[in-house]
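# Survey of secondary and tertiary structure
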Amino acid sequence: MPFKRYVEIGRVALVNYGKEYGKLVVIVDVIDQNRALVDAPDMVRSQMNFKRLSLTDIKIDIKRVPKKKTLIEAMEKADVKNKWENSSWGRKLIVQKRRASLNDFDRFKLMLAKIKRGGIIRQELAKLKKEAA
Amino acid sequence: MYHKRGLWAIKAKNGGVFPKHDPKPKPAAPVEKPPKFYPADDVKKPLLNKRKPKPTKLRASITPGTVLIILAGRFKGKRVVFLKQLSSGLLLVTGPFKINGVPLRRVNQSYVIATSTKVDVSGINVDKFDDKYFAKQAEKKKKKGEGEFFESEKEEKNVLPQEKKDDQKTVDASLIKSIEGVPDLKAYLGARFSLKAGMKPHELVF
């Protein structure tokens, strides 16, 4: 019931609204009750409302407002990218993106593969049922 | 204005005088006889219109070999291979016939979704197909004899001339070979497209 993910310097967050939608950013400083100074390796450091951020479990070890170079080093050391891509949340987003980018032909091949998989599962189930009977 | 147009520079280049070209000698115009007849009233002639319409601009996503989805008509939902754009602007398209029953046919660009799947059509010669190839044959005039009314209904239904069937076969032969080279493509072209639950056309990538 208590909060587990806190807004703190070094907290990695996902942007969920606006131009930077879908990017992972690091909270680098807190401006006031509503806004944070936020930074990522491929964007200009800027302020963002907390309402635009979804906090993740990942935290990196940085001092308040580090230089870009230090920030990038700290992110490499904490291996943010791999931790994110292996987390269930990160994997879900990757799958969603892949599904959205499917071609019409890809969707057809996917349908064939699903049918094939269902057929194999049903065969196995029938075998097991027969043995149990 | 004089300075802005640089007339002073042109004059200076020409030695203080504005360059003047004498009119070219025109060939003598043929002698026109005065007309024998003047109409009583002056009738206004409409202005001449020399505009020639250009063929419809082909969407950049449609190139020879693209798989298209036909959206309207007898073959709606069928996935079909694009061959070339005819001079009227319509797209020449083929099933191939053996795969999905769509013959060599013309289709309008507006009734088509272009997918990003491409088939190799480099070996096919489509130069002989143009809009005249698809024109309707002029019907013979039916005799108006009464006794022949009932019989004339049983006249030959439009049988496709053997020539068109052969054209279809030659175009499809090399197409089918390149289609069978790609796994599942034959089944893909044989299946119809339809929107299922949860598919949002504006979010789909084709």
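Residues numbered from 1 in each chain as written. Chains lettered and ligands numbered in written order. Predicted model: local features only at pLDDT ≥ 70, side-chain atom pairs only at ≥ 80, totals over all residues. Heavy atoms only, no water.

## Here's the deal with the overall build of chain B
- Helix and strand content of chain B: 5 helices and 5 strands.
- Along the chain direction, N to C, the helices and strands of chain B fall in the order α-β-β-β-α-β-β-α-α-α.
- Computed over C-alpha atoms, the radius of gyration of chain B comes to 30 Å, more than 25% over the 17 Å expected from 2.2 N^0.38 for 206 residues, which places it beyond the range of a compact globule.
- C-alpha atoms of chain B, sized along the principal axes, occupy 80 × 60 × 35 Å.
- Evaluated residue by residue, chain B yields a buried proportion of 29% over its 206 residues. (Helix = DSSP H or I, 4+ residues; strand = E, 2+ residues; numbered from the N terminus. Rg over C-alpha atoms; globule rule 2.2 N^0.38 Å. Buried < 20%, exposed > 50% of the residue type's maximum accessible area, 1.4 Å probe, protein only.)

## Let's talk about the overall build of chain A
- Each helix and strand in chain A was counted, giving 4 helices and 5 strands.
- Listing each helix as α and each strand as β along chain A from the N terminus yields β-β-β-β-β-α-α-α-α.
- By the compact-globule yardstick of 14 Å for 133 residues, chain A is too spread out, its C-alpha radius of gyration being 22 Å.
- Among the 133 residues that make up chain A, the fraction classed as buried is 32%.
- Restricting the contact set of chain A to residue pairs at least 6 apart, pairs at least 24 apart contribute 48%.
- For chain A, the exposed area adds up to about 9800 Å²; of that, 56% sits on carbon and sulfur atoms.
- Side chains of chain A carry 32 positive and 16 negative charges; the gap between the two charge centres is 5 Å. (Contact = heavy atoms within 4.5 Å. Areas by Shrake-Rupley, 256 points an atom, 1.4 Å probe, with all protein chains shown as cover. Lys, Arg positive; Asp, Glu negative; His and termini not counted. Charge placed at Lys NZ, Arg CZ, Asp CG, Glu CD.)

## Brief notes about the UniProt feature "domain: Large ribosomal subunit protein eL14" (unreviewed entry) in chain A
- According to UniProt, the feature "domain: Large ribosomal subunit protein eL14" (unreviewed entry) maps to residues 45-117 of chain A in the numbering used here.
- For residues 45-117 of chain A, the end-to-end C-alpha separation is 47 Å, with 62% helix and 16% strand making up the annotated structure. (UniProt positions renumbered as here; feature names shortened; annotations may be inferred.)

## Section: the environment of B:Gly123
Residues and elements named next belong to chain B.
- Relative to the elements of secondary structure, Gly 123 occurs in the loop between β5 (112-118) and α3 (147-152).
- You can call Gly 123 exposed: its relative accessible area is 65%.
- Spatially, the C-alpha atom of Gly 123 lies 18 Å from that of Lys 186, the residues being 63 residues apart in sequence.

## So, the sheet that holds strand β3 (residues 35-40) of chain A
Residue and element names in this part refer to chain A.
- If you walk across this open sheet you meet the 5 strands as β4-β3-β2-β1-β5, and the pairing is antiparallel. Edge positions in the sheet fall to β4 (43-49) and β5 (53-59), since each has one partner strand and no second. Sheet twist, expressed as the mean angle between neighbouring strand axes with direction ignored, is 40°.
- As judged from the 4 bridges shared by strand β2 (residues 24-30) and β3, these two strands associate in the antiparallel manner. Bridge assignment links Val 30 to a residue of β3, and that residue is Ala 36. (Pairing = 2+ DSSP bridges. Axes fitted to C-alpha atoms, helices over the stretch in contact; angles between N-to-C directions.)

## Points about the layout of surface pockets
Residue and element names in this part refer to chain A.
- Here the second largest pocket defines a volume of roughly 810 Å³.
- Those elements that place two or more of their residues in the lining of the second largest pocket are α3 (88-100) and α4 (104-132).
- If you tally residues by element for the lining of the second largest pocket, the top one is α4, at 6 residues. (1 Å grid on protein atoms, 1.4 Å probe; cavity = no way out; pocket = protein on both sides within 12 Å on 5 of 7 lines; lining within 4 Å. Points joined across faces, edges and corners; volume = space filled by probe spheres on them.)

## Comments concerning the interface of chain A and chain B
- If you look at the interface, chain A gives 10 residues, while chain B gives 18 residues.
- Both sides of the chain A and chain B interface together cover about 990 Å² of buried area, and 58% of this is carbon and sulfur.
- Among the residues of chain A in contact with chain B, A:Asp104, A:Phe105 and A:Phe108 are the three that bury the most area, contributing 53% of the side total.
- Taking the shortest distance from any N to any O, the salt bridge between B:Arg79 and A:Asp104 comes out at 3.1 Å. (Buried area = accessible area lost by both parts, 1.4 Å probe. Salt bridge = Lys/Arg side-chain N within 4 Å of Asp/Glu carboxyl O.)

## As for the sheet that holds strand β2 (residues 79-85) of chain B
All names here are of chain B.
- Judged by pairing direction, the sheet is antiparallel, and its 5 strands sit side by side in the order β4-β3-β2-β1-β5 without closing on themselves. Because the sheet does not close on itself, it has two edges, and the strands there are β4 (105-107) and β5. With direction set aside, neighbouring strand axes in the sheet form an average angle of 45°.
- Bridging between strand β3 (residues 91-94) and β4 involves 3 bridges; their strand directions are antiparallel. Residue Leu 91 lies in a different strand from β4, and its bridge partner there is Val 107.
- The sheet contacts of helix α4 (residues 162-180) involve β2 and β3, and relative to β3 the element is tilted by about 75°.

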